[in-house]
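Architecture and fold: a report
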Amino acid sequence: MADIIELEEQISKLPIGYITEKVINEKKYYCQQWKENGKSKSRYISEDEANTLKPQIEERKKLQKELKALKKTLPAPVTKSTKEELPEPDFKMPALYGEALLKMAQTASQYERRDCFSKIQDFLKTPAADKVCLVFGLRRTGKTTLLKQLVLAMNEEEQKSAIYIKASTENTIEELNADLKLANKLKYKYVLIDEITLIEKFIDNAALLSDVYAV
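Predicted model, so just to flag it, every value in this text is computed and none were measured.

Conventions we followed
Here the residue index of a chain counts from 1 through its sequence in written order. With pLDDT at 70 or above as the cut-off, local features in this predicted model cover only qualifying residues; side-chain atom pairs require 80 or more to be listed or tallied, and sums for whole chains, interfaces and linings still use all residues. Where side-chain values are given, they derive from all heavy atoms of the structure, hydrogens and water being excluded. Strand pairing requires that DSSP identify at least two bridges connecting the strands. Strands here are runs of E lasting at least two residues and helices are runs of H or I lasting at least four, both read from the DSSP assignment and numbered beginning at the N terminus. Orientation is described by axes fitted as lines to C-alpha atoms, over the contacting stretch for helices, and by angles from 0 to 180 degrees between their N-to-C directions. Planes of paired rings set the category: under 30 degrees apart is stacked, over 60 is edge-to-face and the rest tilted, where pairs are Phe, Tyr or Trp rings (Trp by its six-membered ring) whose centres lie within 6.5 Å. A contact between two residues is defined here by any heavy atoms of the two lying within 4.5 Å.

**Some details on the sheet that holds strand β2 (residues 27-36)**
The strand order across the open sheet built from three strands is β1-β2-β3, with neighbouring strands paired in antiparallel fashion. For this open sheet the edge positions go to β1 (18-24) and β3 (39-45), each flanked by a neighbour on one side alone. Sheet twist, expressed as the mean angle between neighbouring strand axes with direction ignored, is 30°.

Here it is, written out as structure tokens:
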């Protein structure tokens, strides 16, 4: 499962969409086109940039195929409370729990904690179960590291009740809804969702989190 997270990170660093080429008045024009939040977007680029982006886009497509294959290999959590009562989990999105989650979280053990760490940790320990906490900021500022450190700071019982879900542009709000329902059924108390804004049409359906799951 660590391979799945690594693939997600590699894919996120590669350009999306595809390159089109048009000839107008015997002159070639290049354009990068992609979808963002369900909307088609494009930008004109130079021939040199087009030549640079093409192999990177092909590499992204190759990694995405590998990711889809790996998604089907996620193991089920084995606990007394779920093994006998619930069916084997079938998460639509990459999900880590148990030993796999702890192994992934260990990669953040050497980093210093952000100033907001204690506030979010206090939030997780509140008895109320009707809240959703959103952590936002610029890319590469430590949001994923913060989630990992929160898991490391949990006690053993809390870690067993935690699940980490990694979203990408390949996921849909329907898949997120299905995974949240399954996580709730499996009695996970702490659901940590990374890169959630990459999900298609997430902005239009963001109320799903507070209206449906903050109960």
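Right, picking up where we left off after that structure.
**Structural notes on the packing of aromatic side chains**
Following the criterion strictly, the structure yields two aromatic pairs and no others. Put simply, the rings of F91, Y97 and Y188 pair up and form one aromatic cluster.

**Points about the sheet that holds strand β4 (residues 95-97)**
In spatial order, the strands read β4-β5-β6; together these three strands make up an open sheet with mixed pairing. Because the sheet does not close on itself, it has two edges, and the strands there are β4 and β6 (190-194). Averaged over all neighbouring strand pairs, the angle between strand axes comes to 20°, with direction disregarded. Where strand β5 (residues 162-166) lies against β6, five bridges are found, and the strand directions are parallel. If you follow K166 over to β6, its bridge partner there is D194. Packed onto the sheet, helix α6 (residues 143-152) meets β5 and β6 and runs at close to 160° relative to β6.

**Side note on the pairing of β2**
With seven bridges joining them, β1 and β2 adopt antiparallel strand pairing. Looking at β2, one finds that I24 is bridged to K27. The loop that links β1 with its antiparallel partner β2 comprises two residues; one of these, N25, has a positive phi angle of about 55°. Sheet topology places β2 next to β3; seven bridges connect them, and they run antiparallel. Bridge pairing in β3 places C31 opposite Y44. What sits between the antiparallel neighbours β2 and β3 is a turn of two residues, in which N37 has the positive phi angle 55°.

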